[in-house]
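Commentary on secondary and tertiary structure
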Amino acid sequence: MIESKIKDTVRDVADFPKPGIIFKDITPILKDAALCREITQALVERLSGVQIDVVAGIESRGFLFGMLLAQALNVPFVPIRKAGKLPFKTIQQACNLEYGSAVLELHEDALRAGQQVLVHDDLLATGGTVVAAAKLIEQLGAEVSAFSFIIGLDFLKGEERLAEFSPVTFSLASYT
């Protein structure tokens, strides 16, 4: 049921950010407070039984539900951002995206060794960004306990790249 609500609400934007890409725009979801609560609850339910000490959200749309998840789970939230956006000492990891490349950063004091980290983003495509986030987490001695997404573009097979970091990966709405 949550999958159909998400799919009915997400807007497709053709040729963004470049020709040939069909962008899945979640901003219409954000206009529906009840749906946001329902999505957050669905994510929490899917994570039942998974140890989570910290939620890490990937810039920028991963911040939206990542922070809501952290609040619902009563754990800290840490942002993983593009290079040059965090004000303190950082560690970096380069990544290849489906339409470019980027460098992600995490504050060097964001996590402690042994912490179990949920990595959240709004959408899983090829997995490049999320793999880079997982590598940052591991650099600090923490572990990825799970990956959660609102949308999964299953035809791009990004989930396959995440198995080496955690056996728990899911999207609330999948496009095949």
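I will try to describe carefully the structure that is included in this document. This is a predicted model, so every value here is computed, not measured.

1. Things to note about the sheet that holds strand 8 (residues 143–153)
In a beta sheet, neighbouring strands are held together by backbone hydrogen bonds and run either parallel or antiparallel to one another. Spatially, 5-6-4-3-7-8-9 is the arrangement adopted by the 7 strands of the open sheet, whose pairing is mixed. A single partner strand is all that each edge strand has here, and the edge strands are strand 5 (90–97) and strand 9 (169–175). Averaged over all neighbouring strand pairs, the angle between strand axes comes to 20°, with direction disregarded. Pairing of strand 7 (residues 116–124) with strand 8, which is carried by 8 bridges, proceeds in the parallel orientation. Bridge assignment links D121 to a residue of strand 8, and that residue is F149. Along the sheet face, helix 4 (residues 61–73) touches strand 3 (54–58), strand 4 (77–82), strand 7 and strand 8 and points at about 140° away from the line of strand 7. Packed on one face of the sheet, helix 5 (residues 128–139) meets strand 3, strand 4, strand 5, strand 6 (100–107), strand 7 and strand 8 and runs near 155° to strand 5.

2. Notes on the side chain of S171
Assignment of secondary structure puts S171 in strand 9. One polar contact links the side chain of S171 to the main-chain amide nitrogen of G152, over a distance of 3.5 Å. Apart from the residues within four sequence positions on either side, S171 is in contact with R46, F149, I150, I151 and G152.

3. A few points about the pattern of salt bridges
Under the counting rule described, the total for this entry stands at 6 salt bridges. Across the salt bridge formed by D122 and R61, the nearest N and O atoms sit 2.8 Å from each other. Of this pair, D122 sits in strand 7 while R61 sits in helix 4; the two residues are 61 residues apart in sequence, bridging distant segments of the chain. Its relative accessible area of 4% is what places D122 among the buried residues.

Parameters at a glance
Residues numbered from 1 in each chain as written. Predicted model: local features only at pLDDT ≥ 70, side-chain atom pairs only at ≥ 80, totals over all residues. Heavy atoms only, no water. Pairing = 2+ DSSP bridges. Helix = DSSP H or I, 4+ residues; strand = E, 2+ residues; numbered from the N terminus. Axes fitted to C-alpha atoms, helices over the stretch in contact; angles between N-to-C directions. Contact = heavy atoms within 4.5 Å. Polar contact = N/O pair within 3.5 Å; in protein donor to acceptor, adjacent residues only side chain to side chain. Salt bridge = Lys/Arg side-chain N within 4 Å of Asp/Glu carboxyl O. Buried < 20%, exposed > 50% of the residue type's maximum accessible area, 1.4 Å probe, protein only.

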